[in-house]
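# Structure at a glance
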Amino acid sequence: MQLRPYQAQFLRDVQQCVTRGETKILGCAPTGSGKTIMMAQLCKDAIAARQQVLIVVHLDVLVGQTYDKLAKFGLGEVCGFIKAGWTENRSAAIQIASVQTLARRQWWQDWLADWVIYDEAHTTLFSSIGKTIRYRTHANAIALALTATPYRLSKQEGMGDHLEAIVSCPTPQELQELGHLASMKYYGLDEGDRVDLNGIRTVAGDFNEADLKNACDTPVLVQRIVEEWQRLTAGKRSIAFCVGVEHAYHVAAAFRDAGVPADTVTGETPLEERHRLYSALGKGEILMLTSVNVISIGFDEPSVEVGLLLRPTQSLALHHQQIGRVMRCSPQTQKTHGIILDQAGNCLRLGFPEDVERYELVSGGGGFTPGMGEMHKKRCPTCSTLLRAVVPICPCCQHSFAREQAQYMGDLVELRQLAEDQQRRAYRRALRSAFRLGQTPDQALAEWWRAFPHSEPEPDWSLGAIFGDQATENDFDAYWQHLQRLRRSHPQLTESGAIALMEQEFGEAVSLWLLEVLSRPESEAAEPPKRQFRKLRVSR
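In this report, the structure presented in the accompanying data block is examined. (Residues numbered from 1 in each chain as written. Predicted model: local features only at pLDDT ≥ 70, side-chain atom pairs only at ≥ 80, totals over all residues. Heavy atoms only, no water.)

## As for the pattern of salt bridges
The cut-off we apply is this: The working definition used for a salt bridge is a side-chain nitrogen of Lys or Arg within 4 Å of a carboxyl oxygen of Asp or Glu. We count a stretch as a helix when DSSP gives it H or I for four or more residues in a row; a strand needs E for two or more, and each element gets its number in order from the N terminus.
Inspection of the entire model under this criterion finds 22 salt bridges. The partner of Arg432 in a salt bridge is Glu357, with the nearest N and O atoms 3.7 Å apart. Of the two residues, Arg432 is situated in helix H15 (residues 412-436) and Glu357 in the loop between helix H13 (346-350) and strand E16 (377-379); the sequence distance between them amounts to 75 residues. Linking Arg358 and Glu360 is a salt bridge whose minimum nitrogen-to-oxygen distance equals 2.3 Å. Through salt bridges with shared partners, a single network forms among Asp193, Arg224, Glu227, Glu228 and Arg231.

Pasting the structure below:
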């Protein structure tokens, strides 16, 4: 199986971290980016190097999904399982293990692993058994923590408290631009038809589930989502994220009463029955599958076009995981885009996956990361589409918000600033995308001009656009090598031009140091320029 260019780059970045001695690595790979495929290739490379791999998953269904991908890479014969109901082979070089079974068995603690891969690491790494592996039983192994959503509700600990380096795939929006994720449409209900959160308590960072059940599972709300589904998305394969089992059953029953084939999957649904329901949904035999904490993670049916957000949450990870279920492409079913019907108000509260501008390694928890872009949203009163707050005209129905804005003349300066911020974020996002794709900054500018043809980027918009405001010597190395590759393929990019681009990204002082080093006679250079600059930067 041939890797996509960004997947191959992801694995090269992982190996570069290991070469530098950074062996505790966060790997960010959005839903649909091929996380399991990259994991399988890494395992194949490890086996070729006579290394052993422990893969930690937290859902039963992920054991089978992981094994299926490994088998496609020719690794089926070297897999063992630490999972009830699966054949145990202690001599196998790859062990696929569930956190639940790891806690009940002991032999694996003495099993030598060169690599430990945490799947859905925002959960597995923070479990009791995950921390036991990280710090006690396999503390010396290379740890790769894979996740599409590196966000934590906890205010006490984040990914950066357990890991030391980060590598990442393109962001969801970049994957959409590359054609690897479906474009999305978001619809929200009027305030009177959304879940009323007044009086809902917050426990451990998220809405109290018992309170939500009473607020969400009402006949009026259930009937309204059926009506909106029929109005906006009738006939499309759909999934619904519910609060509790009774809520899921009630929603499915309401759809059946409306003549829509519907069913329900819960944590108690046997694995074989789950597969039957997923297959029926893929074939269009049922059009609505309601669920509770089952298909938010590990559900892989690309043909699904519609997701119903019926459970309010404050968890950015859960929110993005749920939306990700309908972001996969499905050419076989002529799926053109995914659709979200948001009765829970989650998109207004937490934004869209397309808001992610970059992934960062954050310590101390606290949920959001500095990599999140503008998240304020508004609902079009004409067609119900959810839009970014700065959009002046709805692209779906051409509704103009000018009249509404005229009522707030005192905020015109603020609105203008919001528009400029949107342009700045788009420009910085284009620069990051160009870097990932091996393109020049001029190509990033051309892409930006397609969206803002009558504007010019400000000079300071480039500063820290790719590597942030805490760039390291390794970031310098990566960007300088990127520019040298561009010089070979783009002769018009001179050495002084490359230095100017370094200045735009890292600041004037950095480029002055680099210019000084590169200006020295070769006879005076005891080390290559990169290593000299690294020393200068460290001693700054």
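## Points about the sheet that holds strand E3 (residues 79-82)
Basically, it comes down to this: Strand pairing is assigned whenever DSSP detects at least two bridges linking the two strands. In this analysis an axis means a line fitted to C-alpha atoms, helices contributing only their contacting stretch, and an angle means the value between N-to-C directions, from 0 to 180 degrees.
Read across the sheet, 7 strands follow the order E3-E4-E2-E5-E6-E1-E7 without closing on themselves; strand pairing throughout is parallel. Only two strands of the sheet have a single partner each, and these edge strands are E3 and strand E7 (165-168). With direction set aside, neighbouring strand axes in the sheet form an average angle of 20°. As defined by bridge partners, strand E1 (residues 24-28) adjoins E7 across 4 bridges and the pair is classed as parallel. Looking at E7, one finds that Leu26 is bridged to Ile166.

## Describing the packing of helix H1 (residues 5-19) against helix H2 (residues 35-48)
For the record, the criterion: Here the angle decides the label: under 35 degrees means roughly parallel, over 145 means roughly antiparallel, 65 to 115 means roughly perpendicular, and every other value means oblique. Crossings are sorted by hand: turned counterclockwise from the far helix by less than a right angle, the near helix makes the crossing left-handed, and turned clockwise it makes it right-handed. Working rule for contacts: check all heavy atoms of both residues, and any pair within 4.5 Å makes them a contact. Residue polarity is assigned by list, with Asp, Glu, Lys and Arg as charged and Ala, Val, Leu, Ile, Met, Phe, Trp, Tyr, Cys and Pro as nonpolar; anything else, Gly included, falls into the polar class.
Direction vectors running N to C along H1 and H2 enclose 50°, while the axes themselves pass 10 Å from each other. Classed by the angle they form, the pair H1 and H2 counts as oblique. Both H1 and H2 take part in a crossing whose hand is right-handed. Between H1, through Gln7, Phe10, Leu11 and Val14, and H2, the contact on the second element is made entirely by Ile37, Met38, Gln41 and Leu42. Of the residues assigned to the contact of H1 with H2, the class counts are 6 nonpolar, 2 polar and no charged.

## Focus on the side chain of Arg358
Quick reminder of the rule: Here the term buried applies to any residue with accessible area under 20% of the maximum for its type, exposed to any over 50%, and partly exposed to those in between, with areas from a 1.4 Å probe on protein chains only. Here a polar contact is recorded for every N or O atom pair within 3.5 Å, except that within protein the pair must consist of a potential hydrogen donor and a potential acceptor, and residues adjacent in sequence are included only if both atoms are side-chain atoms.
Note on placement: Arg358 falls in the loop between H13 and E16. The class for Arg358 is buried, based on a relative accessible area of 16%. A polar contact of 2.3 Å, which involves the side chain of Arg358, links it to the side chain of Glu360.

## What about the sheet that holds strand E13 (residues 288-291)?
Strand order in the open sheet made by the 6 strands is E8-E15-E14-E11-E13-E12, with parallel pairing throughout. Both outer strands of the open sheet, strand E8 (183-188) and strand E12 (262-265), are each paired with one neighbouring strand and no more. Put simply, the sheet's adjacent strands are angled 20° from each other on average, direction ignored. Looking at chain direction, strand E11 (residues 238-241) and E13 are connected through 4 bridges and run parallel. In the sheet register, Ile239 faces E13, and the bridge partner there is Leu289. Contacting E8, E11, E13, strand E14 (306-309) and strand E15 (337-342), helix H9 (residues 219-233) crosses the sheet at an angle of about 155° to E15.

## Side note on unusual backbone geometry
Here Arg50, not a glycine, exhibits a phi torsion of approximately 60°, which is positive. Within the secondary structure, Arg50 is located in the loop between H2 and strand E2 (53-57). Notably, Gln334 is not glycine yet its phi reads approximately 55°, a positive angle. Turning to its location among the elements, Gln334 is positioned in the loop between helix H12 (316-324) and E15.

## With respect to the packing of aromatic side chains
Note the threshold: Geometry of aromatic contacts follows a simple scheme: Phe, Tyr and Trp rings, the Trp one being its six-membered ring, pair when their centres are within 6.5 Å, and the pair is stacked under 30 degrees between planes, edge-to-face over 60, tilted otherwise.
One pass over the full model with this rule turns up 10 aromatic pairs. Pairing Phe435 with Phe467 gives two aromatic rings, centres 5.3 Å apart and planes at 65°, and the pair type is edge-to-face. Taken together, the residues Phe435 in helix H15 and Phe467 in the loop between helix H16 (441-451) and helix H17 (473-489) connect sequence positions 32 residues apart. Each ring, one from Tyr479 and one from Phe506, has its centre 6.1 Å from the other, and the planes form 70°; the classification is edge-to-face. Of the two residues, Tyr479 is situated in helix H17 and Phe506 in helix H18 (residues 495-506); the sequence distance between them amounts to 27 residues.

## A short note on helix H11 (residues 271-283)
Definition in use: In this analysis, the expected span of each helix is defined as 1.5 Å times one less than the number of residues it contains.
With 13 residues, H11 ought to run about 18 Å at 1.5 Å a step, and its terminal C-alpha atoms sit 18 Å apart, in line with that. Buried-residue contacts for H11 involve E11, E12 and E13.

## A short note on empty space enclosed by the protein
So the rule is basically this: Only protein atoms enter the calculation, which uses a 1 Å grid: trapped sets of points that fit a 1.4 Å probe without letting it out are cavities, open sets showing protein on both sides within 12 Å along at least five of seven lines are pockets, and any residue with an atom within 4 Å of a point is a lining residue. Grid points are joined across faces, edges and corners, and a volume is the space filled by probe spheres set on the points. Segmentation into domains, and thus their bounds, comes from an automatic or database assignment.
Overall, the coordinates contain 6 cavities of 30 Å³ or more when judged by the stated rule. Size it by volume and the largest cavity reaches roughly 100 Å³. Taken together, 13 residues make up the lining of the largest cavity; nearest its centre are Pro30, Thr31, Pro172, His320 and Pro353. With 3 residues, H12 is the single largest residue contributor to the lining of the largest cavity. Here the lining of the largest cavity is built from residues that sort into 8 nonpolar, 5 polar and no charged. Structurally, the lining of the largest cavity is a two-domain feature, drawing no fewer than three residues from each of domain 1 (5-171) and domain 2 (176-350).

## Observations concerning the pairing of strand E6 (residues 142-147)
Consecutive side chains of a regular strand alternate in pointing toward one face of the sheet and then the other. Counting buried positions over the 6 residues of E6 gives 6, a clear majority of the element. The side-chain alternation of E6 yields two buried faces, one formed by Ile142, Leu144 and Leu146 and the other by Ala143, Ala145 and Thr147. Here E1 runs beside E6; their pairing, made up of 5 bridges, is parallel. Residue Cys28 lies in a different strand from E6, and its bridge partner there is Thr147. Sheet topology places strand E5 (residues 115-118) next to E6; 4 bridges connect them, and they run parallel. Directly across from Val116, in E6, lies its bridge partner Ala143.

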